[in-house]
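# What the coordinates show
One letter stands for each residue in the lines below.
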Amino acid sequence: MSLSQSEKATHFRALHEGPGIFIIPNPWDAVSARLLAGLGFQALATSSAASAATLGRKDGAISREQALAHSRMIVDATDLPVSADLERGFGEVP
C-alpha cells in the first residue's frame, strides 16, 4: 500500500506529538531504508553526510539535484515519512 504525502505528513506529526520519544535513523540507500523499516522504525531521515558518501564526496559537496535524487531514493523505498537533511536548503542568500 502506498501512502500519500499528506498521510505521511500526518503520521510524522503524530510521532512528534505522541507520548514519549521516537528514534529516527539515517539510511544511506534504498536497501538500508527497507531494512530499517523492517526493523520497525516509524520514520526515516536522510543525512547530508550519507548522501555525499554514497557519491564519494565530502559532506556539503553535492549539488541540489544530487541531494534531491538521494532523498527521492529514500522516500521511494518505503511508505515511512522521511525528513530530509538538505544542508541550508541550498540557499546561501534569500
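Residues numbered from 1 in each chain as written. Predicted model: local features only at pLDDT ≥ 70, side-chain atom pairs only at ≥ 80, totals over all residues. Heavy atoms only, no water.

From N to C terminus, the protein includes four helices and two strands. For the protein, the C-alpha radius of gyration of 14 Å lies close to 12 Å, the compact-globule estimate for 94 residues. Overall size of the protein, expressed as C-alpha extent along the three principal axes, is 35 × 30 × 25 Å. Buried residues in the protein amount to 28% of all 94 residues. Taking the contacts inside the protein whose residues are at least 6 apart along the sequence as the reference set, 57% of them involve residues at least 24 apart. Of the roughly 6200 Å² of accessible surface on the protein, a fraction of 58% belongs to carbon and sulfur atoms. If the 8 positive side-chain charges of the protein are averaged to one point and the 10 negative ones to another, these points end up 3 Å apart. (Helix = DSSP H or I, 4+ residues; strand = E, 2+ residues; numbered from the N terminus. Rg over C-alpha atoms; globule rule 2.2 N^0.38 Å. Buried < 20%, exposed > 50% of the residue type's maximum accessible area, 1.4 Å probe, protein only. Contact = heavy atoms within 4.5 Å. Areas by Shrake-Rupley, 256 points an atom, 1.4 Å probe, with all protein chains shown as cover. Lys, Arg positive; Asp, Glu negative; His and termini not counted. Charge placed at Lys NZ, Arg CZ, Asp CG, Glu CD.)

Moving on, we come to the nonpolar core. Residues A30, A33, L36, L44, I74, A77 and L80 constitute the largest nonpolar core, which totals seven residues. If you list the elements that add at least two residues to this core, you get α2 (30–38) and α4 (64–77). With residues up to four places along the chain from it excluded, the contact list for L36 reads P25, N26, P27, F41 and L44. (Core = buried A, V, L, I, M, F, W, Y, C linked by side-chain atoms within 4.5 Å.)

Let's shift gears to the side chain of S51. With respect to the helices and strands, the residue S51 is situated in helix α3 (residues 48–54). Apart from the residues lying within four places of it in its own chain, the contact partners of S51 are I62 and H70.

Coordinates in, geometry out; function isn't part of it.
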